[in-house]
Amino acid sequence: MIPTLLYVAGFHFEQRDFKRLGAEELAHRFPVQILDCSTWVQPDIHRPDPGTPGRVDVGSHEALVQELDRLDGPAVAFDYMSDWPEGMAIRQELRRRNIPRIVYVSGVVPPPSKPRLFVRVREALHLPALSGKFSARLARIFARPQSAQLSDAPPEVAILSGHAGARSPLIQAKTCIWAHTLDFETALRLGAPKPPEQPYAVFIDEDMIHHPDYAFCKVRPPTTAKRYYPALQRVFDSLEEQTGLKVIIAAHPRAYLDQNPPSFGARTIVAGRTAELIRDAALVLSHASTSQSFTVIWRKPLLLLTSQDLDNSWMGCHITARAEYLGRPVVDIDNFDSTALSPDRWNQIDDVLYTEYQRQFICTPDSLGRPLWPYLAKFLETESSLYGRTPEPYQPAR
């Protein structure tokens with residue numbers, strides 16, 4: 001019997017997620033149901049339903065039980081829950097019903113460097129350097145909270161991307177599928193760059209002031225609108241004057257542009273096309289967005305932006321880590337001169353570093369060239385119980 005595919009999400013599951021996470025393609029071969037648990041997990045920032053196919057609001061444990069009781073036949077759950085108590089409770093309910101879980105480890109990024117604020121405090125107080133283990137633990141405390149799905153029993157299937165996936169506790173899953181990130185899957189679909197009529201630079205917006213995860217993770221924004229937007233505009237103005245490249249803003253996909261309009265001046269803001277904008281750009285500007293992986297896939301020049309506020313926040317160590325891994329220049333938007341934005345600083349990339357970054361965090365050589373979802377569909381059709389036989393190796397297209 002063909003299993004029902006359950007997408008169990010702790011975030012608001014929108015139309016873009018339906019396509020990006022493979023539900024649209026898999027729905028041609030399996031019944032697909034979206035169990036959107038954001039009204040339960042994130043009630044303060046839940047959005048109205050935009051009409052995502054097969055989506056059901058799950059606002060409590062009782063509602064989850066009711067939906068699972070309606071299942072007729074076997075099911076497999078894609079686990080997109082965080083490690084918050086609600087996510088743990090949902091996993092326990094799935095396990096009680098013998099519904100196997102698939103976890104897709106995508107969006108893996110370099111581990112953050114040691115927080116700069118702590119380093120400055122340590123130096124000011126003349127404290128000795130800490131052990132590597134303690135420093136790494138401290139960096140995780142300062143780091144942005146991430147939904148790792150690792151603190152419960154391992155899932156039946158883990159889809160891993162890049163060699164960094166080998167260090168994940170999810171390697172303990174019964175079956176590991178070595179694939180690539182969602183961004184690489186998107187890049188396969190979009191194809192090679194298409195030179196635009198007018199070259200441009202693109203800024204990857206991260207909804208720095210009003211990101212919905214701040215409320216969920218109970219963290220403060222790393223800066224203020226009063227300090228952030230004027231400094232950014234000065235950088236954009238100077239870059240446009242020096243290079244002739246107009247700066248286009250790639251809006252954050254979860255930003256409430258109507259409720260919290262960002263202050264980028266008269267510049268064009270484009271929503272829902274971040275990948276395409278990066279693919280065809282002459283230069284990419286960013287802080288620490290996971291969408292930076294597109295710059296690696298398409299080998300685009302990347303100019304990283306920081307500020308005093310960002311340096312002293314949990315974001316500073318992430319910006320530093322990207323700069324170190326990719327060998328990219330960093331511009332302080334609070335204090336820069338014309339040479340900081342000169343094309344001589346950013347127009348060349350280190351292909352060795354980009355290639356290694358791709359190998360570590362985006363895809364392994366065996367995953368190149370073959371879309372993931374058709375392979376996963378074949379695996380689910382032949383292994384609906386997800387026990388027993390191991391799927392055939394994930395091989396590149398010939």
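For the structure itself, consult the block above.
Source: prediction; values computed, not measured.

Details of the nonpolar core
- Core analysis: the largest hydrophobic core is formed by 57 residues, its most contacted members being Phe203, Phe236, Leu285 and Leu305.
- Looking at this core, the element that brings in the most residues is helix α10 (residues 225-243), giving seven residues.
- Excluding its chain neighbours within four sequence positions, the residues that come into contact with Leu305 are Phe203, Leu232, Val235, Phe236, Leu285, Ser286, His287, Leu310, Ile319, Val331 and Ile333.

Description of the sheet that holds strand β13 (residues 330-332)
- With respect to topology, six strands assemble into an open sheet ordered β10-β9-β8-β11-β12-β13, the strand pairing being parallel. Sheet topology places β10 (269-270) and β13 at the edges, where each strand pairs with a single neighbour.
- With three bridges connecting them, strand β11 (residues 283-286) and strand β12 (residues 302-306) associate as parallel partners. The residue bridging Val284 from the neighbouring strand is Leu302, located in β12.
- Contacts between α10 and the sheet are confined to β8 (200-204), β9 (246-250), β11 and β12, with β9 contributing the most and set at about 140° to the helix.

Observations concerning the packing of aromatic side chains
- Per the stated rule, a full pass over the model turns up 14 aromatic pairs.
- Aromatic pair Phe236 and Phe264: ring centres 6.4 Å apart, planes at 40°, arrangement tilted. With Phe236 in helix α10 and Phe264 in the loop between β9 and β10, this pair connects stretches of sequence that are 28 residues apart.
- For Phe236, a relative accessible area of 0% gives the class buried.
- On the accessibility criterion, Phe264 (1% relative accessible area) is buried.
- Their ring planes at 70° and their centres at 5.4 Å tell us that Tyr325 and Phe361 sit as a pair that is edge-to-face. Of this pair, Tyr325 sits in helix α14 (residues 316-326) while Phe361 is found in helix α16 (residues 351-361), placing the two residues 36 residues apart along the sequence.
- An aromatic cluster is present here, built from Tyr7, Phe11, Phe13, Phe78 and Tyr80 joined pairwise through their rings.

Quick notes on the rules
- Residues numbered from 1 in each chain as written.
- Predicted model: local features only at pLDDT ≥ 70, side-chain atom pairs only at ≥ 80, totals over all residues.
- Heavy atoms only, no water.
- Core = buried A, V, L, I, M, F, W, Y, C linked by side-chain atoms within 4.5 Å.
- Buried < 20%, exposed > 50% of the residue type's maximum accessible area, 1.4 Å probe, protein only.
- Helix = DSSP H or I, 4+ residues; strand = E, 2+ residues; numbered from the N terminus.
- Contact = heavy atoms within 4.5 Å.
- Pairing = 2+ DSSP bridges.
- Axes fitted to C-alpha atoms, helices over the stretch in contact; angles between N-to-C directions.
- Phe/Tyr/Trp six-rings, centres within 6.5 Å; stacked < 30°, edge-to-face > 60°.

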